[in-house]
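Results of the structural survey
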Amino acid sequence: MKNITKKFGNFTANDNINLTVHKGEVHALLGENGAGKTTLMNILYGLYKQTSGDIYIREEKIDISDPNVAIGKGIGMVHQHFMLVQPFTVTENIILGMETVKGISLDMEKARKDVKELSDKYGLYVDPDAKIEDISVGMQQRVEILKALYRGAEILILDEPTAVLTPQEIVDLMEIMRGLTEQGKTIIIITHKLKEIKMIADYCTIIRRGKHIDTVEVSKTSQDDLASKMVGREVNFNVDKEDREPGDVTLKIEDLVVKDNRDINAVDGLSLELRTGEILGLAGIDGNGQSELIEALNGLRKVESGKIFINGKDVTNKSPKEIFDNKIAIIPEDRQKRGLVLDFTMAENMVLENYNKKPFSKNGVLSYENIEKFAKDLIKKFDVRPENEKIKAKSLSGGNQQKVIIAREVTNNPDVLIAAQPTRGLDVGAIEYVHKSLVNQRDNGKAVLLVSLELDEVLNVSDRIAVIYEGKIVGVINAKDADENKLGLMMAGGGTDGR
């Protein structure tokens, strides 16, 4: 890609960027949220047309006017938010638009056989007959990769491929990527996870605020160098926080039982206490009841038995609004489903919970002047990009969508802040900012429950760590006494330390 520039009105998303990728390598595209990485790859895949600049595939200049041209030239893309039809089977999704027909009907037998051969060849094991809505996120991602390979992809673009995966699924994906490059495929991975770049990438191109900063050989570069090139300053990977003595119990959970969608006890007799002025980390392997616990605390899922108390008040099975009024704020784990209304503007999303209060409305009429002034202040304070309160939430990058939610929830000044995967899909600069925000809440005497699959994050940010296994708390330990091995053992249901 030579001298690629992309403008949206007055905003320049890509500013004269050059990118060279060689056959059979993993090339990482690194940059902060909103730096222009996805825009650049959307141009390569034909979803956007560059304002200026040229694209060459195997030294041939190509005009990629739409994704069909890209697919025809062997380019495939797996988007950060998957493009799958939920009620369809794995096979149906993979062949969609490329269906094999026998007479006038679909030849599903041949399609299943082709999908099985392809999955065996690349080690992407999937159940061809499973429905998308019934399989894990990691499995859905494999389907997306197979979909691209089925269309003949030689160059595979993966946009934030590990953002929604469990640690084990990430290891599996790395193996798959190695297998693909060994068979001659070329992979471009959009990411801001430095550890993963060091694990898998051969080369890395860094973009900052739409400009090409550098292209480096990963084996000869440190994580610190990559981070400072990405954000333009040194990044502190350790969370600075002073020891504090926690105060009274503010959130108390007693013998909680919550069922999952299959009517099985996902939270199974869980008890937990959270105090003011502390960050309690909840560690566990994905699928051990964390999501159901958060939904119960948020009023989105029915509690079968047990109690939830806030400052001594019983809020079990109250509505989300009543729970919000009792000073609980939640940063949800799925920002697009639970955190934002994507077709609303940034300003509208900033006041979702308070739109009916002064100064945002009077006698049932919204005051857009006050809403937008409030949003402008938050955008500046929380460094949301681009700085335009009138653009729709869906046009923001994933990381900036997350910043909008964090800005809104922290500004609500809750007694209890529940942060579920708060840094999922964020770059190191933004992660540093989120961690500071959580510590800030703690230092202001608030109680913070941090639910995260990132062990480093739980160890770094928490004061105490509770480990959840099969819907129960198997132990609570001080973060100072914890390490990855001890937590790993507890997360697998063994070696439970007491308080």
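Owing to the predicted nature of the structure, the values given are computational and were not obtained by experimental measurement. (Residues numbered from 1 in each chain as written. Predicted model: local features only at pLDDT ≥ 70, side-chain atom pairs only at ≥ 80, totals over all residues. Heavy atoms only, no water.)

**A short note on the overall build of the chain**
Looking only at helices and strands, the chain has 17 helices and 24 strands in total. C-alpha atoms of the chain, sized along the principal axes, occupy 70 × 50 × 50 Å. A burial count over the chain gives 52% of its 499 residues as buried. Of the roughly 22900 Å² of accessible surface on the chain, 47% is carried by carbon and sulfur atoms. In the chain, the 68 positive side-chain charges and the 78 negative ones have mean positions that sit 4 Å from each other. (Helix = DSSP H or I, 4+ residues; strand = E, 2+ residues; numbered from the N terminus. Buried < 20%, exposed > 50% of the residue type's maximum accessible area, 1.4 Å probe, protein only. Areas by Shrake-Rupley, 256 points an atom, 1.4 Å probe, with all protein chains shown as cover. Lys, Arg positive; Asp, Glu negative; His and termini not counted. Charge placed at Lys NZ, Arg CZ, Asp CG, Glu CD.)

**Overview of a nonpolar patch on the surface**
Together, Phe-8, Phe-11, Leu-47 and Tyr-48 make up a nonpolar patch on the protein surface, roughly 350 Å² of accessible area in all. With respect to the helices and strands, Phe-8 occurs in strand 1 (residues 2-8). (Patch = residues over 30% accessible without salt bridge, like charges linked within 9 Å, V, L, I, M, F, W, Y side chains within 5 Å. Salt bridge = Lys/Arg side-chain N within 4 Å of Asp/Glu carboxyl O.)

**A short note on the packing of aromatic side chains**
One pass over the structure, following the stated rule, counts 3 aromatic pairs. In this arrangement the basic side chain of Lys-6 is found over the ring face of Phe-8, its NZ or CZ atom lying 5.0 Å from the centre. (Phe/Tyr/Trp six-rings, centres within 6.5 Å; stacked < 30°, edge-to-face > 60°. Lys NZ or Arg CZ within 6 Å of the ring centre and 35° of its normal.)

**Structural notes on helix 6 (residues 167-182)**
For helix 6, built from 16 residues, the straight-helix expectation of 22 Å at 1.5 Å per residue is met to within 8% by its first-to-last C-alpha distance of 23 Å. The complete set of buried residues in helix 6 reads Glu-169, Ile-170, Leu-173, Met-174, Ile-176, Met-177, Leu-180 and Thr-181. Looking down the long axis of helix 6, one finds its buried residues gathered within 165 degrees of arc, a one-sided arrangement. Residues of helix 6 that are exposed and point more than 90 degrees away from the buried face comprise Gln-168 and Glu-182. Immediately beyond the C-terminal end of helix 6, within one or two residues, lies Gly-184, with a positive phi of roughly 90 degrees. (Expected span 1.5 Å × (residues − 1). Arc of directions from axis to C-beta.)

**Side note on the sheet that holds strand 5 (residues 60-62)**
Judged by pairing direction, the sheet is antiparallel, and its 4 strands sit side by side in the order 2-1-4-5 without closing on themselves. Both outer strands of the open sheet, strand 2 (11-17) and strand 5, are each paired with one neighbouring strand and no more. Between one strand axis and the next, the sheet turns by 35 degrees as a mean value, whatever way the strands run. (Pairing = 2+ DSSP bridges. Axes fitted to C-alpha atoms, helices over the stretch in contact; angles between N-to-C directions.)

**Structural notes on the nonpolar core**
By size, the foremost hydrophobic cluster in this structure holds 49 residues, and its most contacted members are Ile-145 and Cys-204. Not counting residues within four places of it along the chain, the set of residues in contact with Ile-145 comprises Val-78, Leu-124, Leu-156, Leu-158, Leu-173 and Leu-180. Counting residues in each nonpolar core, the second largest holds 34 residues, with Leu-340, Phe-382, Ile-406 and Val-410 among its members. (Core = buried A, V, L, I, M, F, W, Y, C linked by side-chain atoms within 4.5 Å. Contact = heavy atoms within 4.5 Å.)

**Quick word on helix 8 (residues 223-231)**
All of the buried residues in helix 8 are Leu-226, Ala-227, Met-230 and Val-231. Taken around the axis of helix 8, the buried residues stretch over an arc of 110 degrees, which confines them to a single face. Each element contacted by the buried residues of helix 8 is listed here: strand 3 (26-31), helix 7 (194-200), strand 11 (203-208), strand 12 (211-217) and helix 15 (428-443). Following helix 8 by one or two positions, Gly-232 adopts a phi angle in the positive range, close to 80 degrees.

**With respect to the domain arrangement of the chain**
Entries for the chain in the domain assignment read domain 1 (4-231) and domain 2 (248-492). On the domain 2 side, the residues contacting the 19 residues of domain 1 number 19 residues. Interface area for domain 1 against domain 2, summed over the two sides, is near 1400 Å², with a carbon-plus-sulfur share of 51%. When the buried area of domain 1 at its contact with domain 2 is split by residue, Asn-33, His-81 and His-192 rank highest and sum to 33% of it. (Domains from an automatic or database assignment. Buried area = accessible area lost by both parts, 1.4 Å probe.)

**What about the environment of Gly-34?**
Inspection of the secondary structure puts Gly-34 in the loop between strand 3 and helix 1 (37-44). Spatially, the C-alpha atoms of Gly-34 and Ser-397 are 5.4 Å apart, while their sequence positions differ by 363 residues. Setting aside anything within four residues of it in sequence, one finds Gly-34 in contact with Ser-397 and Asn-400.

**Some remarks on the sheet that holds strand 17 (residues 313-314)**
Here 4 strands make up an open sheet; going across it, the order is 14-13-16-17 and the pairing antiparallel. The open sheet has two edge strands with one neighbour each: strand 14 (265-275) and strand 17. Summarising the sheet, strand 13 (residues 249-259) and strand 16 (residues 303-310) pair through 6 bridges and their orientation is antiparallel. By the bridge assignment for strand 16, Lys-252 is matched with Phe-309. Strands in contact with helix 9 (residues 290-297) are strand 13, strand 14 and strand 16; relative to strand 13, the strand with the most contacts, it is inclined by about 120 degrees.

**Let's talk about the side chain of Asn-400**
Tracing the backbone shows Asn-400 in helix 14 (residues 398-411). Apart from residues no more than four positions distant in its own chain, Asn-400 is found in contact with Asn-33, Gly-34, Asp-383, Val-384 and Arg-385.

**Here we look at the pattern of salt bridges**
According to the stated counting rule, one finds 39 salt bridges in the structure shown. The residue Glu-196 makes a salt bridge to Lys-193 at a minimum N-O spacing of 3.9 Å. Each of the two residues, Glu-196 as well as Lys-193, counts as buried. A salt bridge links Asp-456 to Lys-195, with the nearest nitrogen and oxygen atoms 3.1 Å apart. Pair noted here: Asp-456 is in helix 16 (residues 455-461) and Lys-195 is in helix 7, with a separation of 261 residues, a long-range link. One network of salt bridges, with partners in common, ties together Glu-32, Asp-383, Arg-385 and Lys-403.

**What about the side chain of Thr-250?**
Structurally, Thr-250 is set in strand 13. Take Thr-250: its relative accessible area is 2%, and that puts it in the buried class. For Thr-250, the residues in contact, after removing those within four places along its chain, are Leu-274, Arg-275, Thr-276, Phe-309, Ile-310, Asn-311, Asp-415, Val-416 and Ala-447.

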